[in-house]
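Take a look at the letters that make up each chain.
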Amino acid sequence: MKLDQVIALRNKKTVYRDGDRCIKVFNEDYSKADILNEALNQARIEETGLHIPRILEVTTVDGKWAIVTEFIEGKTLAQLMQENPEDTDKYMEQFVDLQLEMHKKTCPMLTKLKDKMNRKISQTQLDATTRYDLHTRLESMPKHNKVCHGDFNPSNVIIAGDGTPYILDWSHATQGNASADAARTYLLFWLSGDIEGAQKYLELFCKKSDTARQYVQKWMPIVAASQSVKGNASEREFLLSWVGVVDYQ
């Protein structure tokens, strides 16, 4: 196994290419349970028929855990959008269509989105009154069992040489309400500084899925709070600023 071609550096992990294999090596202090859960998520998503890199093995490299998958040759949608700004609308359509295709799938063994969000909200440093309100809001939202990515953004979609789109990084996958997944994607556009892209994305998602914009917006404080547990201080501050944005009865 050659680890001399780095293709991505991420928080507490390094991704390498070795021929037709992709090797994600985690830092020694990374949770073993989280690593094994990520591999299990990806293996379960393979069974849905979605185009994703197949898991080849879970192993250790110099005492560090690693997940080995197929390497998909191509460019991410984020790269294509940056290189071809005149085609951004076309790529955004493809991006939303791919998310809607994913939301048509079910995967009964995945963690339930509501369970994960309730757990995350409990872990925040928000005061008890705010946490209670968020738990109550979450409980009032409709229960669904659609495949939700949890980190669906243009850098997690690779377009292969033959035009086939592949979805990467299934570490946050759950089953639940598609509009919660859309709210997460909207906030990810904001976090990247692409506010125009966020608005364009949300408008397109709501139009193509026949979903009321207000319904997705109801999820945003809940999603923002649950996502604020991880990430750096500036991201946390931004996400927590959304917690009180939407007020409804």
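Residues numbered from 1 in each chain as written. Predicted model: local features only at pLDDT ≥ 70, side-chain atom pairs only at ≥ 80, totals over all residues. Heavy atoms only, no water.

Visitor: Explain the nonpolar core to me, please; I cannot follow it from the model alone.
Guide: Across soluble globular proteins, nonpolar side chains show a tendency to be buried alongside one another. Ranked by size, the top nonpolar core spans 52 residues in total, and within it Phe95, Trp170, Tyr201 and Trp219 carry the most contacts. Look past the residues within four positions of Trp219 in its chain and what remains in contact with it is Met117, Leu138, Met141, Pro142, Asn177, Ser179, Ala180 and Ala183. The next biggest cluster of nonpolar side chains, apart from the first, holds six residues, and it includes Tyr16, Val25, Val61 and Val68. (Core = buried A, V, L, I, M, F, W, Y, C linked by side-chain atoms within 4.5 Å. Buried < 20%, exposed > 50% of the residue type's maximum accessible area, 1.4 Å probe, protein only. Contact = heavy atoms within 4.5 Å.)

Visitor: What's the story with the sheet that holds strand 4 (residues 55–61) in this structure? I'm lost.
Guide: The strand order across the open sheet built from five strands is 1-2-3-5-4, with neighbouring strands paired in antiparallel fashion. Each edge of the open sheet is held by one strand with a lone partner, namely strand 1 (6–10) and strand 4. Adjacent strand axes in the sheet meet at a mean angle of 20°, parallel and antiparallel pairs treated alike. In the sheet, strand 2 (residues 13–18) pairs with strand 3 (residues 21–26) via six bridges, with the strands oriented antiparallel. What sits directly across from Asp18, in strand 3, is Arg21. Contacts from helix 1 (residues 32–46) reach strand 3, strand 4 and strand 5 (64–70) within the one sheet, and its direction differs from that of strand 5 by about 15°. (Pairing = 2+ DSSP bridges. Helix = DSSP H or I, 4+ residues; strand = E, 2+ residues; numbered from the N terminus. Axes fitted to C-alpha atoms, helices over the stretch in contact; angles between N-to-C directions.)

Visitor: Help me understand the environment of Phe95 in this model?
Guide: Checked against the element boundaries, Phe95 lands in helix 3 (residues 88–103). Spatially, the C-alpha atoms of Phe95 and Leu77 are 7.7 Å apart, while their sequence positions differ by 18 residues. Those residues in contact with Phe95 that lie beyond four places of it in its chain are Leu77, Phe152, Asn153, Pro154, Val157, Thr185, Phe189 and Tyr201.

Visitor: Any chance you could explain the packing of aromatic side chains here in plain terms?
Guide: Pairs of aromatic rings are described using the distance from one ring centre to the other and the angle between the two planes. Following the criterion strictly, the structure yields 11 aromatic pairs and no others. Between the aromatic rings of Tyr186 and Trp190, the centroid separation amounts to 6.5 Å while the plane-to-plane angle is 50°, which identifies the pairing as tilted. Of this pair, Tyr186 and Trp190 are both found in helix 6 (residues 178–191), four residues apart, which corresponds to roughly one turn of the helix. Looking at Trp190, the relative accessible area reads 25%, which means it is partly exposed. (Phe/Tyr/Trp six-rings, centres within 6.5 Å; stacked < 30°, edge-to-face > 60°.)

Visitor: Would you mind showing me how to read the sheet that holds strand 9 (residues 165–167) here?
Guide: In sheet architecture, strand pairing relies on hydrogen bonds along the backbone and comes in two forms, parallel and antiparallel. One open sheet accounts for three strands, arranged 6-8-9; its pairing is antiparallel. At either margin of the open sheet sits one strand with a lone partner, and together these are strand 6 (74–76) and strand 9. Ignoring which end each strand starts from, the neighbouring axes of this sheet average 30° apart. Sheet analysis places strand 6 next to strand 8 (residues 157–160), joined by three bridges and oriented antiparallel. Bridge pairing links Lys75 to Ile159 in strand 8. Across the sheet, helix 3 is in contact with strand 8 and strand 9; its angle to strand 9 comes to roughly 55°.

Visitor: How do you make sense of the side chain of Thr59 when you look at a structure like this?
Guide: Looking at the secondary structure, you find Thr59 in strand 4. Those residues within four positions of Thr59 in sequence are excluded, and the remaining contacts are Met1, Lys64, Trp65, Ala66 and Val68.

Purely geometric numbers; function is a separate question.
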